[in-house]
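One letter stands for each residue in the lines below.
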Amino acid sequence: MESRCENCIIRQFNSLRAMSKEELKTVSDSKTTKIIKKGQPLFEEGDKLNGVYCVRNGVSKLSKLSANGKDQIVKLATKGEVLGQRSVIAEESTNLSAIAVSDMEVCFIPKESITHTLQRNPNFTLEVLRHMAHDLKEADDVIVNISQKTVKQRVAEAFLYLRNNFGEDKDGFLALTLSREDISNVVGTATESAIRIISEFKKKGLIHTSGKKIGIKDERKLIEMVEGF
């Protein structure tokens, strides 16, 4: 299961690709590989992290607890993402929780390996900045979506996002199965509302379901709905 960072293709997706051979070797010697089971946290909101997590396999939901006790899922992080970068670099406690929504394999990289390279390798620093800027842009999009789109539009968009990013299984269902509660937390609504909208979509022939599984039946209609037609 252990694999060397130098030979790992996952790093092409993140800031580690800007590291030199020697830096990668240092990271590789210090990292540990962990298996995180579905439903288990990598870290909880408010934790002090002493390193970052590089996702080798699986998916994690990054969420923030709101004042009313409901989780808002800000992002679904998948293969290649580095989690905890912001809090490690800012030396702050984590602003989000990261919980596995499928079984995960992650590499934990101690803080020292990251901060040491930041101070010495400007290319790495630039890559980290780029990734953080991208995360900020995504967060902006989430805010605009929640404030300007209806709940139905956001549910439709969530299904299209899940299909485009995680694909479908052989039976035509979304490959990443989220609970109804997680779907409601992605779109920022009450679980009951999400359930109601899902059955309405099903009646209209936009989606088909089997237990927890959801599949897209009429992509064109969903896209039109998202675009406000």
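Basis of the calculations
Here the residue index of a chain counts from 1 through its sequence in written order. Given that this is a predicted model, residues contribute local features only at a pLDDT of at least 70 and side-chain atom pairs are listed and counted only at 80 or more, while totals for whole chains, interfaces and linings are drawn from all residues. Calculation of side-chain values draws on the structure's entire complement of heavy atoms; hydrogens and water are dropped beforehand. Pairing of aromatic rings covers Phe, Tyr and Trp, the last counted by its six-membered ring, and requires centre-to-centre distances within 6.5 Å; plane angles under 30 degrees mean stacked, over 60 mean edge-to-face, and any other angle means tilted. Put simply, DSSP H or I for four residues or longer makes a helix, DSSP E for two residues or longer makes a strand, and each gets a number counted from the N terminus. Each residue gets one of three labels from its accessible area relative to the maximum for its type: buried under 20%, exposed over 50%, partly exposed in between, using a 1.4 Å probe on protein chains only. Charge-over-ring placement is defined geometrically: NZ (Lys) or CZ (Arg) within 6 Å of the ring centre, and within 35 degrees of the ring normal. Boundaries of every domain are those given by an automatic assignment or by a domain database. Here, residues are in contact when the closest pair of their heavy atoms is within 4.5 Å. Computed with a 1.4 Å rolling probe, the buried area is the accessible surface lost when two parts are put together, summed over both parts. Each reported salt bridge corresponds to a side-chain nitrogen of Lys or Arg within 4 Å of a carboxyl oxygen of Asp or Glu. Distance and chemistry together define a polar contact, namely a pair of N or O atoms within 3.5 Å, with one atom able to donate a hydrogen and the other to accept it when in protein, and with adjacent residues in sequence counting only for side-chain atoms on both sides.

## What to know about the packing of aromatic side chains
Then, in step 1: If you walk through the whole model with that rule in mind, you get four aromatic pairs.
Then, in step 2: Relative to Y53, the ring of F43 has its centre 6.1 Å away and its plane inclined at 35°; by these criteria the two rings are tilted. A residue pair is termed long-range when its members are at least 10 positions apart, and F43 in strand 2 (residues 41-43) and Y53 in strand 3 (residues 51-57) qualify at 10 residues. In this structure, F43 and Y53 share a single accessibility class: buried.
Then, in step 3: Ring geometry for F159 against F201: centres 6.4 Å apart, planes inclined by 75°, an arrangement best described as edge-to-face. With F159 in helix 5 (residues 151-166) and F201 in helix 7 (residues 191-203), this residue pair connects regions lying 42 residues apart in the sequence.
Then, in step 4: Classification of F159 as buried rests on a relative accessible area of 0%.
Then, in step 5: Using a relative accessible area of 0% as the deciding quantity, one classes F201 as buried.
Then, in step 6: Through a chain of ring-to-ring contacts, three or more aromatic side chains come together here, namely F43, Y53 and F108.
Then, in step 7: Directly above the ring of F108 sits K34, whose terminal nitrogen or CZ lies 4.9 Å from the centroid.

## Regarding the domain arrangement of the chain
Then, in step 1: Segmenting the chain into domains produces domain 1 (5-139) and domain 2 (149-227).
Then, in step 2: Each of domain 1 and domain 2 has a C-alpha centre, and these two points are 28 Å apart.
Then, in step 3: Residue-level contacts link nine residues of domain 1 with 13 residues of domain 2.
Then, in step 4: Buried surface at the junction of domain 1 and domain 2, both sides included, amounts to about 910 Å², of which 58% is carbon and sulfur.
Then, in step 5: Area buried by domain 1 at its contact with domain 2 is led by K70, I73 and L76, which between them contribute 52% of it.
Then, in step 6: K61 is the salt-bridge partner of D182, the closest N and O atoms lying 2.7 Å from each other.
Then, in step 7: Taken together, domain 1 and domain 2 are joined by seven residue pairs in polar contact (both at pLDDT 80 or more).
Then, in step 8: If you tally residues by element for the side of domain 1 that touches domain 2, the top one is strand 5 (residues 71-77), at four residues.

## Here's the deal with the side chain of E6
Then, in step 1: Of note, E6 is situated in the segment before helix 1 (21-30).
Then, in step 2: For E6, the side chain forms a polar contact with the side chain of S28, separated by 3.4 Å.
Then, in step 3: Every residue in contact with E6, bar those within four places of it in the chain, is listed here: R11, K21, L24, K25 and S28.

## Some details on the pattern of salt bridges
Then, in step 1: Scanning the entire structure with this criterion turns up 22 salt bridges.
Then, in step 2: Ionic pairing is found between E92 and R86, a salt bridge with its closest N-O pair at 2.8 Å.
Then, in step 3: Of the charged contacts, one joins K221 and D218 as a salt bridge, the two residues approaching to 3.8 Å between their closest N and O atoms.
Then, in step 4: For K221, a relative accessible area of 41% corresponds to the partly exposed category.
Then, in step 5: Put simply, R4, E6, K25 and D29 are held in one network by salt bridges that share partners.

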